[in-house]
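Coordinate analysis (summary)
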Amino acid sequence: MCAEERSSSADHVRFDQHVLCVTAYCESCPYPDTQERDREDLLLNNASDASAAPLPPTSNHPLRLLRQVLAAPQRYTRPWYFAYLLLGIVTAGMVPVLLPLMMVSVSHQLSSVAYVMGVYDLGLLTSPLWGVLAERHKLYRSLFLGGFLLAAVAIAVFPFMRSLSGWMLAAFALGAGSSGASTIASLLIVDFEPANEWNPRIGILQSFNGAGQVLGLLLAGGFSHGSFSAGLWLAAIFLLPALVLGKVGLPLASLSPHETGKRAHRHHLIDVRALAVFPRINLPSGIGFHLHALNMGGLRRLPFILGTPFGRFLLSWFMLALGVAGFFTYFPLMLAHSYALDSHLSSLVYALAAAVGIALFVLASRWSTQFGAGRVYRFGLWLRLVGFLLLVLAFLVPLSDRIAFAVIGFALIVVAWPILSVSGTALAAQLASFSEGAAMGLFNAALALATVIGAFASGPLMTAFGFWSIAVMGLIGIGFAIVLATDTVPSRTQD
C-alpha cells in the first residue's frame, strides 16, 4: 500500500450476509488501474455468488508482507512445509544437474537431453489437472502424497533405463509428480487456511522451495564426478521422508470450508505482486499457474492486446523464456564441454548465485517501487544479456582461458532471475488494460509455452551447430526481449 494511504480507505459492499472489502488506493498507488478493474470484477463475481468466501482487505505491499512473515514465521508455517523443502532439493537442485549428466554418460547423444527435459517440462503443465482433481473429488491428501511418490519412483528408475523412450516416459512422470505435489501444496493453503493468511503462507512455502534449490545444487555437485546414478537414487530417497512429513498436519478434505465451483476467482485474493518478494523457482507449475493458466478471459483478449504495451511486454517475456530455455536444459554439459567449468564447480556457482538471489527478491521489490517496474525489468534483461554475451565471447579465446567468462556469465544469468521475476510480475499487472487475473493467466502461459518450445528446439540446434549456438540463442532471445520492452513505460512509485 502507498505511504499516503488513509486508514479509512476501505469501502465495504454488502451482498446479503457476505461482506466484500474493497480497498480504495491513493492517487500515488502504482496500480490504480488494475485495482479499479479488479474491484469491478469482484463486484460482478460476488453479486452472482453471494455465498463466496469473504475477501480480505488487499493491504499486502511486498515489503510489508515480508515484514509480517518475519515477525512471526511460526504462525504461518506447518510441519508438512518441510516436505516441500525436500521437493525443492530434488526437483530444483539435484535433478537439473544429475539427469542430463547421467543420460549423456549412457547414450553419448547430447540431443537426447533436450527431448527428455522438454517432456519433463510438459509434465509440469499438468498442474491445472491436479488442482481440478483435488478440489472436485476432495483428494488433497492422496494426490499430495501421490505426487511425491510418483516423482520418487520416476527418479529411481531413470538409471535403469537405456532408451530414449523410457527416459521420456519417466521424465513426464517426474514432471507430473513434482507439479502435482507443488500445486496441491498451495491448494492446501488456499482451500483450508483463512483467506487473510494465504499470502504469507504461500510466501513461506515458496521460500522453503527456494532454499531447497540451493541445498540441492550443493548436493548435486558432490555427485557430479561420475556418481550420477547414486545421486539420483539419493534424490529418490530424499522424497521418502517427504511422504512422512507430508502427513504431519495435513487438513482433512472433509473439513474444507470451500465448496467446489464457488472459488473460480481466487486470483483476486492472492496478491501476486506481494508474493513476488519471496523466492520463486523458475518453473511453469504451482499455484499461480493452476489459478491463472486456464483463464479464458485472457485468451479471448489476446488478439486485441498484441499492439498494446501489455502485448509487447508479453512478447518480451516470451522471448526471454524462449531464449534461456536451451541454456538451462544443457547448462551442466555445456559449461563442462565448452568452458572447462566442471559440473561440480558449476553447481557451486549456481548454488551461490541462487543464494544471493534470495536477497535480491527483496531488493528487486524495493527497486521496482522506487524506480518503476519497467526500468527494473529492463535492467534485469541487460544483466542477463551481459551474461550471455560473456558466454559467446568466450569462444574467441582458447578453452583453457574460458572458465572466468563462464563463471561470471553464469552467475549473472542466475542472479538476474529475481530481478526479472519481481519486476515482470509487477509489470504484467500494471500494464494490462483488463483484469489482473486474466493478465497473470497470459503471463504464466507465455512462460510455460516458451519453456517447452525452447527446450525441444535446443536439441536440433545444438546437434547442428554445437554448444555455442545455445549461448547465441540466449543472446538473440534476450535481445528481442529488450527491444520489445523498450516501450514499457515505468511507473515511479513510493514505498
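Up top is the structure.
In this text, all values refer to a predicted model and were calculated from it rather than measured experimentally. (Residues numbered from 1 in each chain as written. Predicted model: local features only at pLDDT ≥ 70, side-chain atom pairs only at ≥ 80, totals over all residues. Heavy atoms only, no water.)

1. Observations regarding the packing of helix α15 (residues 373-393) against helix α16 (residues 403-431)
Operational definition: Between the N-to-C directions of two axes lies an angle of 0 to 180 degrees, each axis being a line fitted to C-alpha atoms and, for a helix, fitted only over the stretch in contact. Secondary structure counts use DSSP, requiring at least four H or I residues in a row for a helix and at least two E residues in a row for a strand, with both numbered from the N terminus. Roughly parallel refers to an angle under 35 degrees, roughly antiparallel to one over 145, roughly perpendicular to one between 65 and 115, and oblique to any angle outside these ranges. Crossing chirality is assigned from the near helix's rotation relative to the far helix, an anticlockwise turn below a right angle marking it left-handed and a clockwise turn marking it right-handed.
One can describe the packing of α15 onto α16 by two numbers: an axis separation of 7 Å at closest approach and a directional angle of 155°. Taken together, the axes of α15 and α16 are roughly antiparallel relative to one another. Our pair here, α15 against α16, has a crossing hand that is left-handed.

2. Quick word on the pattern of salt bridges
Using the following cut-off: The salt bridge criterion pairs a side-chain nitrogen of Lys or Arg with a carboxyl oxygen of Asp or Glu, the two atoms within 4 Å. Relative accessibility thresholds used throughout: buried, under 20% of the residue-type maximum; exposed, over 50%; partly exposed, between the two (1.4 Å probe, protein chains only).
One pass over the structure, following the stated rule, counts three salt bridges. A salt bridge links E193 to R201, with the shortest nitrogen-to-oxygen separation between them at 3.6 Å. Owing to a relative accessible area of 14%, E193 belongs among the buried residues under this scheme. Two residues, R201 and E197, come together in a salt bridge whose shortest N-O distance is 2.8 Å. Here R201 and E197 have matching classes, each one buried. In the salt-bridge network here, residues are joined through shared partners; they are R78, E193, E197 and R201.

3. Remarks on the packing of aromatic side chains
For any two aromatic rings, the description comes down to two numbers: the centre-to-centre distance and the angle of the planes. Here is the rule: Put simply, two rings from Phe, Tyr or Trp (the six-membered ring, in Trp's case) pair if the centres are within 6.5 Å, and we call them stacked under 30 degrees between planes, edge-to-face over 60, tilted for the rest.
Per the stated rule, a full pass over the model turns up 24 aromatic pairs. For the pair W80 and F144, a centre-to-centre distance of 5.6 Å together with 80° between the ring planes defines the contact as edge-to-face. Of this pair, W80 sits in the loop between α2 (62-71) and α3 (81-107) while F144 sits in helix α6 (residues 140-157), and the two are 64 residues apart along the sequence. We note that W80, like F144, is buried. Among the aromatic residues, those joined into a cluster by ring pairs are W80, Y81, F82, F144, F148 and F208.

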